[in-house]
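Residue-level structure breakdown
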Amino acid sequence: MELYLDTADVAAVKQYARILPLHGVTTNPSIVAQSGVPLWDLLPALLEALGGSGRLFAQVLATRAGEMVSEGQRLAERVPGLVVKVPVTAEGLVAIRQLRALDIPVLGTAVYGAAQGLLAALAGAGYVAPYVNRLDAQGGDGIALVSDLQQLLTLHAPRTRVLAASFRTPHQVLSCLLAGCESVTLPLDVAGQLLNTPAVCAAVEKFTADWQGAFGRTTL
C-alpha cells in the first residue's frame, strides 16, 4: 500500500517522514492557501522534507480543459514526477485524457460517486481520490463509496489506484484499507491519532514505573 500525508506543513512532513513509511505528500489549493507559502516554494520544500525522494501531488486551479492542461504541464515541468490533481468534472475528464496523452501522471480528485471515479480511471487517471468524510458529512457513506469504487476499478480499470482522502478518524482509514483500498492520504490530526494511543502510553509508563520501583533506574 501507499501512505501519504495530506498537508503543506513542511516541519510536520519532516517529523512524520522520520517515523512513517511515507510515499509522499498530497496537497490541494485550500491546503496551500492556508499555509501561506507560494506553491513554487512549497513543493521543493516538501520534497526536501521527505528526504529528497517521494511523490508529490498538486492541483490545477483552472476549470476549463485547455487551461487545466496548461497548468498541469507547468506543474510537471517544474517538479518532475509530480502527479497533477484534476477535479473530475466534464472539463476535468477532457483534461485527464489530454494530460495522459502527454505522459503526465494524473489523479482524479473531488470524487463523490463510484461512477464518477470510474470515469476518471477510464479517462487515464492513475489515481482516483474519493472524499470519505466529506461524503459522510453530507449524509452519504464514504466507506461504501470506496468499497464500490475499488470493486469497479478491479474489474474495469485495474491500473488505477484508489487514493482515499478526507478523513476525520483512524477508523475511517482502516475501513478503507479493509475495503481493498491501496492508498490513503492522512491529515495531520488523523496521523497523530494513529500514532498516539492513550492506552499504549499508559502501558509504557507502567512498565517504566515498575522497573524503576524494582531496580531504582529507568534503563536496562
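Residues numbered from 1 in each chain as written. Predicted model: local features only at pLDDT ≥ 70, side-chain atom pairs only at ≥ 80, totals over all residues. Heavy atoms only, no water.

Here the focus is helix α4 (residues 65-78). With 14 residues, α4 should cover 20 Å at 1.5 Å per step; its first-to-last C-alpha distance of 20 Å lies within 8% of that length. Those residues of α4 that sit buried are A65, M68, V69, G72 and L75. Within α4, the buried residues cover an arc of 125° as seen down the axis, which keeps them to one side. Looking at the packing, one finds that the buried side of α4 touches α3 (39-49), β3 (55-59), β4 (83-87) and α5 (90-101). (Helix = DSSP H or I, 4+ residues; strand = E, 2+ residues; numbered from the N terminus. Expected span 1.5 Å × (residues − 1). Buried < 20%, exposed > 50% of the residue type's maximum accessible area, 1.4 Å probe, protein only. Arc of directions from axis to C-beta. Contact = heavy atoms within 4.5 Å.)

As a further point, take the state of the cysteines. Tallying each qualifying case throughout the model produces zero disulfides. With no disulfide of its own, C176 lies 5.5 Å from the sulfur of C181, the closest cysteine sulfur. In this structure C176 comes out as buried when scored by relative accessible area, which is 0%. Exposure remark for C181: the relative accessible area of 5% places this residue in the buried category. (Disulfide = S-S within 2.5 Å.)

By the secondary structure assignment, L153 is in helix α8 (residues 142-156). Its relative accessible area of 1% is what places L153 among the buried residues. Spatially, the C-alpha atoms of L153 and L119 are 9.9 Å apart, while their sequence positions differ by 34 residues. Setting aside residues no more than four positions away along its own chain, L153 makes contact with L118, A121, P158, T160, R161 and V162.

Spatially, the eight strands close up into a barrel ordered β1-β2-β3-β4-β5-β6-β7-β8, and their pairing is parallel. Ignoring strand direction, the axes of neighbouring strands in this sheet form an average angle of 25°. Inspection of the sheet shows strand β5 (residues 106-111) paired to strand β6 (residues 127-130) by three bridges, in the parallel sense. Across the sheet, residue L107 finds its bridge partner in β6, namely Y127. Against the sheet, α8 makes contact with β5, β6 and β7 (161-164), and its axis sits at roughly 165° relative to β7, the strand it touches most. Lying over the sheet, helix α10 (residues 188-195) contacts β1 (2-6) and β8 (183-186), oriented at roughly 105° with respect to β8. (Pairing = 2+ DSSP bridges. Axes fitted to C-alpha atoms, helices over the stretch in contact; angles between N-to-C directions.)

Okay, the nonpolar core next. V86, F167 and L186 are the most contacted members of the largest nonpolar core, which has 60 residues in total. Looking at this core, the element that brings in the most residues is helix α6 (residues 114-123), giving five residues. Counting seven residues, the second largest nonpolar core, distinct from the first, contains Y4, V83, L107 and A129. (Core = buried A, V, L, I, M, F, W, Y, C linked by side-chain atoms within 4.5 Å.)

Evaluation of the coordinates by the stated rule reveals four aromatic pairs. When the centroid spacing of 5.5 Å and the interplanar angle of 80° are considered together, the rings of Y112 and Y131 count as edge-to-face. Of this pair, Y112 sits in the loop between β5 and α6 while Y131 sits in the loop between β6 and α7 (132-137), placing them 19 residues apart in sequence. Between the aromatic rings of W211 and F215, the centroid separation amounts to 4.6 Å while the plane-to-plane angle is 50°, which identifies the pairing as tilted. (Phe/Tyr/Trp six-rings, centres within 6.5 Å; stacked < 30°, edge-to-face > 60°.)

For α8, which comprises 15 residues, the first-to-last C-alpha distance of 21 Å matches the rise-based estimate of 21 Å (1.5 Å per residue) to within 8%. Considered for burial, the residues of α8 that qualify are G142, L145, V146, L149, Q150 and L153. Down the axis of α8, the buried side of the element spans an arc of 130°, and every buried residue falls inside it. Seen from the buried face of α8, the exposed residues on the opposite side, beyond 90 degrees, are T154 and L155. Structurally, α8 contributes buried residues whose contacts are with β5, α6, β6, α7, β7 and α9 (170-178). Two or three places before I143, at the start of α8, stands the capping residue D141, its side-chain oxygen 3.3 Å from that residue's backbone nitrogen. (Polar contact = N/O pair within 3.5 Å; in protein donor to acceptor, adjacent residues only side chain to side chain.)

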